[in-house]
Structures are given as structure tokens and as C-alpha cells.
Amino acid sequence: MSNRTLTHRKAQMSDLDAIEALIDRAIADLQTPFLDEKQIEASRTIMGVDTQLIEDRTYFVVLIDGELAGCGGWSPRSTLYGGDETPGRNGAYLDPAHDPARIRAMYTHPAYARRGVGRRVLSLCEIAAQEAGFQHVKLVSTLAGEPLYRACGYVAVERFTDDRGGTPVPLVRMRKRLSP
Ligand SMILES: CC(C)(COP(=O)(O)OP(=O)(O)OC[C@H]1O[C@@H](n2cnc3c(N)ncnc32)[C@H](O)[C@@H]1OP(=O)(O)O)[C@@H](O)C(=O)NCCC(=O)NCCS
């Protein structure tokens, strides 16, 4: 399948069921080279859709031949990662002059992996964050996400584990300076 068929638009609440189904598949399938079964199950506690991004109009969907192929977003709010159900969310607005914008909730349907969907979403997010005045972006990545972010110029700044799902899940803080 060629990249020429990729299209994108902002997500809307009516996409929610399809987005949730895609995220479920991405978590289950695309993390298998990086995590064991227990870690994948535990990762569900700290991953998932964040409807605040859809409401903020900062969440994108990418389609291939009209089918939902991936999703992801950015945020001018403080929360770093996690879905609606993840504890410790903070909806406070960041200051673009001092704070990095967040890259959030990136997922590709396994049937469309390695076709540039993640790269497209990331590019849309970086452009939008820059238009909003941010000079840096920051994210917390899964091990499955790390190769994508590295390929797109992000650097790892800290490795840690999140054990809120029962089994410790390895994560990586990453950041990037947006080109002027
Ligand atoms: C991370 C994820 C969104 C990447 O999506 P994707 O659409 O397959 O990524 P792209 O096709 O745009 O990849 C762009 C580049 O990133 C790198 N990359 C992406 N996935 C990779 C992998 N599994 N192994 C090695 N490199 C990878 C490659 O350099 C790739 O370019 P190439 O295919 O030309 O070699 C997807 O794997 C996913 O949904 N994973 C499970 C959920 C998850 O962990 N999300 C991240 C949350 S922080």
C-alpha cells in the first residue's frame, strides 16, 4: 500500500468507538516485540484514549483508503501520558514561552504499521504545537514508540517504570526542540 493514500483530519467524538478499537489492537499486537504479556496487560492502565484531546481539537486521525489507520495528538495541557482512566491527570495549561508541549496517545492499527502513519501524526502535532507558540515538545514513550520518536529526532532523557498497572512497565521520557 502506498503512502499516497494517506489522508488525515482532526478526530471528533463520533470517532471514539473506532479509535478505542484501534488502540486496543495496537496495544495488544505492536508491543509484543518489546514487552511480555503481563507488561502489556499492565500497560493498559497507563495507555488509552484521552477525550480531552478530542475536545481540545488537538487529536488527529490518519486514514488509508478511508479506513482508520492511526491516531495521535498533542496538548498544551500539563498531563504527560495516559488515557481518561489513568490517575494523576493535570489539565492545567502550559506556558508556550517556557514549557514544552506534550505529544500524546499515538497509535497505529497493526494492519497499517510501518507505512508512515505515526510519522504523519507526529509531523501534524509538531506543526500545530509550533503554531501555538511552543518551541519544544516532550513525551513519555513506550518501548514500542521509542524507535518512531528517535527516527523523528527525539532524544531520550530518562528511563523509568510505571507500576500502577501491577507489573512495572518500562517507559522513556523524550524531548525535541522544534526547528525555528
Ligand atoms: C509507535 C507506533 C505508533 C508507530 O507507528 P507506525 O505508523 O508504524 O510508525 P511509522 O510507520 O510512521 O514509522 C516511522 C519510522 O519509525 C521507526 N519505527 C516505527 N516502528 C518501528 C519498530 N517497530 N521497529 C523499528 N523502527 C520502528 C522506523 O524508523 C520507521 O521508518 P521505516 O518504517 O521507514 O523504517 C505503533 O508502533 C504503535 O501503535 N505501537 C503500539 C502503541 C504504542 O506503543 N504507542 C506509542 C505510545 S508512546
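Residues numbered from 1 in each chain as written. Predicted model: local features only at pLDDT ≥ 70, side-chain atom pairs only at ≥ 80, totals over all residues.

**Section: the site of the ligand**
Moving on, step 1. Close to the ligand lie 22 residues, the nearest being Thr 108, Gly 118, Arg 119, Gly 145 and Pro 147.
Moving on, step 2. Secondary-structure elements contributing two or more residues to the shell around the ligand are helix H1 (16-30), strand S4 (101-108), helix H4 (117-131), strand S5 (136-142) and helix H5 (146-151).
Moving on, step 3. Split into classes, the residues belonging to the shell around the ligand amount to 11 nonpolar, eight polar and three charged. (Near = placed C-beta within 6 Å. Helix = DSSP H or I, 4+ residues; strand = E, 2+ residues; numbered from the N terminus. Nonpolar A, V, L, I, M, F, W, Y, C, P; charged D, E, K, R; others polar.)

**Topic: the pairing of strand S2 (residues 59-64)**
Moving on, step 1. Among the six residues of S2, five are classified as buried, and the element is accordingly described as predominantly covered.
Moving on, step 2. With five bridges joining them, strand S1 (residues 6-10) and S2 adopt antiparallel strand pairing. Paired with Arg 9 across the bridge in S2 is Val 61.
Moving on, step 3. As defined by bridge partners, S2 adjoins strand S3 (residues 67-75) across six bridges and the pair is classed as antiparallel. What sits directly across from Ile 64, in S3, is Glu 67.
Moving on, step 4. Counting the residues in the hairpin turn of S2 and S3 gives two residues, including Asp 65, whose phi is positive at 50°. (Buried ≥ 20, exposed ≤ 12 C-beta atoms within 10 Å, placed from the backbone. Pairing = 2+ DSSP bridges.)

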